[in-house]
Amino acid sequence: MNPIPLVVAEMRRNPLGCTAVVALIALTTACGVVVSAQERALRAASTHAAERFDLIVGAAGSPTQLVLTTVYLQPAQLDLLRADTLRQLADEPGVKSLAPVALADSYRGYAVVGTTASFAGAPGLADGRIFNHPDEAVVGADAQLRLGETFHPIHGTAAENVIENHQHAYGLTVVGRLERSGTPWDHAILVPIEALWTMHGGDANSGRAPAIVVKPRTVADAYELRTKYRAGGTVALFPAEVLLPLYSLLGDVRAMLGGMAVAFEVLLIFAVLLVIVAVLAGRKHGIGVLRALGAPPAFVVSTVWLEGALLIGLGIATGTLLGVALLQGTSAYVSSRTGLSVGASLGAPEFGLLAALFVGGSLLAGLPSLPLLWKPIAGLLRS
Amino acid sequence: MLRDLHVEFADANRAPRIVLDIPALEIAGGGQLAICGPSGSGKTTLLNVLAGIEHPRRGMVRWGGVELGAIRPRAADRWRRETLGLVFQQFHLFPGLSALDNVLLPFRFDRFAIDSANRDRASDLLERVSVPATRRVERLSRGEMQRVAVARALVKAPAVVLADEPTASLDRDTGVVVADLLLRMCREQHATLVVVTHDATLADRFDRQFALATPRPWRTAANAPVMP
């Protein structure tokens, strides 16, 4: 049997209604897909950004703020570690390498971060060389400074500058540009930490930093160091300790949004079924004619089922494309807001949702026509 | 072929109203019969009973060896699509489909693809009834629509063609054309043709007529023969 020509004819008779149903399914599908994929991508990107930061040691205070400032360069006033903490850590046998990280100043909205040459140069150089003198700087991939440009950092962070505009006399020259790392550090200007020490209070603050990023030799060393530096006015933590609770919060929000999306989709499927029921009222007569002509029940049902399944399938397919397009936009937005490069794309969870929707919807699409198989034909012909 | 049509009694309604009370009616295979009577006399009900889409409370309809009341609904469906061609007063075509696709529709019940022989047959029939094959049926005139319906009824070369007031919703001249085609083409194909009509001029063109009496709504007598 071949109900396709009849289905096409029916859809041609009501192009506006069909378009509306497809558009409705497409929009909700797109929303559900975007929420799901965007959250996954954000989570992956923030984990990626934290990868280089095995263990962070800071002055006692908020662990969350320590991670946000050190890893994601969110400006905040952090207490400084004592200078001997840096020396003491450097002497630890379990420390493979370490780098003080200080976010203190800004220039044209870019964070000026003081650290070591090897930590700064870790993403690799796209152009120029790494700084090897206290009046040199390298810039992240997205910091719009030219090589050779000399600049004077402004005291305080970008947000504070609106109120207090106090330029340092100290000049730094850009000598290199880093490869893109997909993290907020792409928007930073990296300078030798000694430069910050010179700019900020000279000897009193020398050797002091708000945070030290430690690369331990082994996992055992990592836990040992973490325990040891959690006492005596310092705090030591793995970024994941802060990120996981955040993720679970993010995950809860996502689960709620995702749940709403699914509930919405289910409602939609029922709306589509209602549409089919309503459409069937107008097709009772045609179904009566088909049955009078001797059409087998499977043919009669498939003319209705195929139309429903086509509309649902078309809606889901359009919604998927729309979702992919929307993801470009939302990813760009989230990237610009967080400094993380969030390349969201559809993955297994989204395709699972789409498949479940299509299977569920199309299984149900034929149901409303079943009663018409038992109604007396003569009655259907009169309707 | 078919013979031995018996309609002894037919009552499609729940109420004890007698719609039809026909002791016997036989038609030879290949014959042409007009059933006539005023509106309300149960013509359409009788045709539905003959087509097996309405079932009498009592009595028997037999076409050849097939007794309609005794077979399962699925078998009745198959019997209709293999043996029967139907023409309705209101055409009952499917808008959105071309004339050709409407005529080909009965083939689609069984097969996915339509072979060229059947397609040619449908095209030939449309040529016979002078309707452009590719035009959508909703853009045809009423006379053309009914001619498409005649082509659809004949496309599977059915043994029996049943027509319910085939000319009633057409103007006189158009009705004559449709009646001509129906009679001539059924004769050519040796199909038994039964038409119900209140149109005396149409009925006169048949070699046999069978008249239903005026309705007798509330008489409940079990056995009140109206036909000689």
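Starting afresh in each chain, residues are numbered from 1 along the sequence in its written order. In the order they appear in the text, chains get letters beginning with A and ligands get numbers beginning with 1. Totals for whole chains, interfaces and linings use all residues, but because this is a predicted model, local features are given only for residues with pLDDT of at least 70 and pairs of side-chain atoms are given and counted only at 80 or more. Hydrogens and water are ignored here; the side-chain numbers use all heavy atoms of the structure.

Draft legend 1. Quick peek at the overall build of chain B. Only DSSP runs of H or I covering at least 4 residues are called helices, and only runs of E covering at least 2 are called strands; the numbering of each starts at the N terminus. Counting its secondary structure elements, chain B contains seven helices and seven strands. Walking chain B from its N terminus toward its C terminus, one meets helices and strands in the order β-α-β-β-α-β-α-α-α-β-α-β-α-β. Within chain B, buried positions represent 54% of all 228 residues. The contact criterion used throughout is that any non-hydrogen atoms of two residues lie within 4.5 Å. Sequence separation of 24 or more characterises 73% of the internal contacts of chain B that already satisfy a separation of 6 or more. Where accessible areas are quoted, they stem from the Shrake-Rupley method and a 1.4 Å probe; at the residue level, only the protein chains shown are allowed to cover. Taken as a whole, chain B presents about 10200 Å² of accessible surface, with 50% of it coming from carbon and sulfur. Throughout this description, buried means an accessible area under 20% of the type-specific maximum (1.4 Å probe, protein chains only), exposed means over 50%, and partly exposed covers the range between.

Draft legend 2. Broad picture of the interface of chain B and chain A. In this complex, chain B contributes 22 residues to the contact, which on the side of chain A involves 23 residues. By salt bridge we mean one thing: a side-chain nitrogen of Lys or Arg within 4 Å of a carboxyl oxygen of Asp or Glu. Counting across the interface, chain B meets chain A through zero salt bridges. As used in this structure description, the phrase polar contact means that two N or O atoms lie within 3.5 Å; if the pair is within protein, one of them must be able to donate a hydrogen and the other to accept it, and residues adjacent in sequence are counted only when both atoms belong to side chains. The tally of links from chain B across to chain A stands at eight residue pairs in polar contact (both at pLDDT 80 or more). For the side of chain B that touches chain A, the secondary structure elements donating two or more residues are α2 (73-83) and α3 (99-108) of chain B. Looking at the side of chain B that touches chain A, the element that brings in the most residues is α2(B), giving four residues. Tallied by class, residues from the side of chain B that touches chain A come to nine nonpolar, three polar and 10 charged. Only Asp, Glu, Lys and Arg are considered charged in this grouping, and only Ala, Val, Leu, Ile, Met, Phe, Trp, Tyr, Cys and Pro are considered nonpolar; every other residue, Gly among them, is considered polar.

Draft legend 3. Representation of the domain arrangement of chain A. All names here are of chain A. Under the domain assignment used here, chain A contains domain 1 (4-47 + 245-382) and domain 2 (55-237). Here the bounds of each domain stem from an automatic or database domain assignment. On a C-alpha basis, the centroid separation for the pair domain 1 and domain 2 is 50 Å. Between domain 1 and domain 2, the contact holds five residues from the first and five residues from the second. Take the accessible area each of two parts loses on contact, using a 1.4 Å probe, and add the two losses: that sum is the buried area. Of the roughly 460 Å² buried between domain 1 and domain 2 on both sides combined, carbon and sulfur atoms contribute 54%. The largest contributions to the domain 1 side of the interface with domain 2 come from G339, L340 and S341, which together make up 57% of the buried area. For the interface between domain 1 and domain 2, the tally reads zero salt bridges. Partitioning the side of domain 1 that touches domain 2 into residue classes produces one nonpolar, four polar and no charged.

Draft legend 4. Inspection of the nonpolar core at higher detail. The criterion is simple. A nonpolar core is a set of buried Ala, Val, Leu, Ile, Met, Phe, Trp, Tyr and Cys residues joined through side-chain atoms within 4.5 Å. Formed by 105 residues in total, the largest nonpolar core has its most connected members in A:V113, A:L190, A:L290, B:I35, B:W63, B:L162 and B:V194. Ranked by the residues each element gives to this core, the list is headed by helix α8 (residues 239-292) of chain A, at 13 residues. Here this core spans two domains, since at least three of its residues come from each of domain 1 (4-47 + 245-382) and domain 2 (55-237) of chain A. Not counting chain neighbours up to four residues away, the residues in contact with B:I35 comprise B:L25, B:K43, B:L46, B:L50, B:V194, B:V195, B:V196, B:T197, B:F210 and B:L212. Within the second largest apolar cluster, 42 residues are counted, among which are B:F91, B:A99, B:I114 and B:A203.

Draft legend 5. Summary view of the environment of A:L27. Residue and element names in this part refer to chain A. Inspection of the secondary structure puts L27 in helix α2 (residues 15-50). With relative accessibility at 48%, the residue L27 sits in the partly exposed group. With 350 residues separating them in the primary sequence, L27 and I377 have C-alpha atoms 39 Å apart.

Draft legend 6. Structural context of the sheet that holds strand β6 (residues 192-197) of chain B. Residue and element names in this part refer to chain B. DSSP bridges decide pairing: two strands pair if at least two such bridges lie between them. What the five strands build is an open sheet, ordered β4-β5-β6-β1-β7; its pairing is parallel. Only two strands of the sheet have a single partner each, and these edge strands are β4 (84-87) and β7 (208-211). For this sheet, the mean inter-axis angle between neighbouring strands, taken without regard to orientation, is 15°. Contacts from α2 reach β4 and β5 (160-164) within the one sheet, and its direction differs from that of β4 by about 80°. Fitted lines through C-alpha atoms give the axes, limited to the stretch in contact for helices. The angle between two N-to-C directions lies from 0 to 180 degrees. Across the sheet, helix α5 (residues 142-154) lies against β4 and β5, angled at about 170° from β4, the strand it touches most.

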